[in-house]
Amino acid sequence: MEKPFDGQIALVTGASRGIGAASAEWLAARGAHVVAVARNVGALEELDDRIKTAGGQATLAPMDVTDEGAMAHLCRSLHERWGRADIWVHAAIHVTALTPAPHLAAKDLDKLIATNIRAFARLMAFVDPLIAPAPKPQALFFDDQWDAKFAGPYGMCKAAQRAMIQSWQAETAKFPLKVHLVQPRPMPTAVRARFYPGEDRSVLFHPQDEAARLLPVLQG
């Protein structure tokens, strides 16, 4: 296999499962040293085993993206070690159970905002100067045009993220930084299971197949 990302550092936030884990494996298989961020230590260790078995390299960073101090420290540490990161892939997301729009509990709203809006925006601030020194800095995000009933809170968060991403795209259109927004097809993830319990998951698309379909945009 060709190694188009040989020598590059790829930060993957939300790397423990689903499209985040698949993205980490895809990048590592093509030469990137992956820095994998997630809360689930066991899932990160399983990811690390798969990456190393396939001949790749990874550094595990078990932490919560809502911990601003931890994320800022991580970005400083990456800069001190490598001087930059080349790629940022963000897949971290928090969802609640299906909820009628008027019935969203305050504590659920706070958690949604903390993870999907505040942490997302703060990560942009932390990662931007980290990837800026890269010869070809790139950031990649996953969109989701959700139309399920009772999924308004999730849709609200994705709309907020989309607005931030599209703004960043416009602001950097003449810069070396490339900001990508891609949309996976339906996958048998824990997020989707919240919204479609009992769905026939055999007809859905595997996250590894979606990573292989979508991430080549990073190759230029």
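Located above this text is the structure these notes cover.
Summary of the structure given here. All of these numbers come straight from a predicted model, not from anything done at the bench. (Residues numbered from 1 in each chain as written. Predicted model: local features only at pLDDT ≥ 70, side-chain atom pairs only at ≥ 80, totals over all residues. Heavy atoms only, no water.)

In this section: the overall build of the chain. On a plain count of helices and strands, the chain comes out with seven helices and six strands. Starting at the N terminus and walking to the C terminus, you meet the elements of the chain as β-α-β-α-β-α-β-α-β-α-β-α-α. Over its C-alpha trace the chain gives a radius of gyration of 17 Å, about what one expects of a compact globule, namely 17 Å for 220 residues. Across the 220 residues of the chain, 47% fall into the buried class. In the chain, the share of contacts with a sequence separation of at least 24, taken over all contacts with a separation of at least 6, comes to 72%. Charge-centre separation for the chain: the mean point of 24 positive side chains lies 2 Å from the mean point of 23 negative side chains. (Helix = DSSP H or I, 4+ residues; strand = E, 2+ residues; numbered from the N terminus. Rg over C-alpha atoms; globule rule 2.2 N^0.38 Å. Buried < 20%, exposed > 50% of the residue type's maximum accessible area, 1.4 Å probe, protein only. Contact = heavy atoms within 4.5 Å. Lys, Arg positive; Asp, Glu negative; His and termini not counted. Charge placed at Lys NZ, Arg CZ, Asp CG, Glu CD.)

This paragraph deals with the sheet that holds strand β5 (residues 138-142). Reading across the sheet, the six strands line up as β3-β2-β1-β4-β5-β6 and stay open at both edges, with parallel pairing between neighbours. This sheet does not close on itself; its edge strands, each paired only once, are β3 (57-62) and β6 (178-182). Each strand axis lies, on average, 15° off the axis of its neighbour in the sheet, ignoring direction. Bridge count between strand β1 (residues 9-13) and strand β4 (residues 87-90): four bridges; the pairing is parallel. Looking at β4, one finds that Val12 is bridged to Val89. Helix α5 (residues 152-171) rests against β4, β5 and β6 of the sheet, and its axis sits at about 150° to β6. (Pairing = 2+ DSSP bridges. Axes fitted to C-alpha atoms, helices over the stretch in contact; angles between N-to-C directions.)

Right, let's talk about helix α2 (residues 41-53) for a bit. In this model α2 runs 18 Å from its N-terminal to its C-terminal C-alpha over 13 residues, within 8% of the 18 Å that 1.5 Å per residue would give. When α2 is considered as a whole, its buried residues turn out to be Ala43, Leu44, Leu47, Asp48 and Ile51. Summarising the axial view, the buried residues of α2 lie within an arc of 145°, below the 170-degree limit, and thus occupy one face. Here the buried face of α2 lies against α1 (18-29), β2 (33-38) and β3. With its phi angle positive at about 90°, Gly55 sits one or two positions after the end of α2. (Expected span 1.5 Å × (residues − 1). Arc of directions from axis to C-beta.)

Turning to helix α3 (residues 68-82), a few remarks are in order. Under the 1.5 Å per step criterion, the end-to-end length of α3 is 21 Å for 15 residues, consistent within 8% with the ideal 21 Å. Against β1, β2, β3 and α4 (106-131) lie the buried residues of α3. Positive phi appears at Gly83, one or two residues downstream of α3, with a value of about 85°.

What follows deals with the environment of Thr172. Relative to the helices and strands, Thr172 is located in the loop between α5 and β6. Beyond its immediate sequence surroundings of up to four residues, Thr172 is in contact with Leu177 and Val179.

In the contact formed by α4 and α5, the axes pass within 9 Å of each other and the chain directions differ by 20°. As the angle between them shows, α4 and α5 are arranged roughly parallel. Every pair of crossing elements has a handedness; the one defined by α4 and α5 is right-handed. From α4, Leu109, Leu112, Asn116, Ile117, Phe120, Ala121, Met124, Asp128 and Ile131 reach across to α5, where they touch Pro153, Met156, Cys157, Ala160, Gln161, Met164, Ile165 and Trp168. (Parallel < 35°, antiparallel > 145°, perpendicular 65-115°, else oblique. Left-handed = near helix turned anticlockwise from the far one by under 90°.)

Attention shifts here to the pattern of salt bridges. Opposite charge on two side chains permits them to pair, given that their charged atoms come into close proximity. Applying the stated rule across the entire model yields ten salt bridges. Through salt bridges with shared partners, a single ionic network connects Glu68, Arg118 and Arg122. (Salt bridge = Lys/Arg side-chain N within 4 Å of Asp/Glu carboxyl O.)

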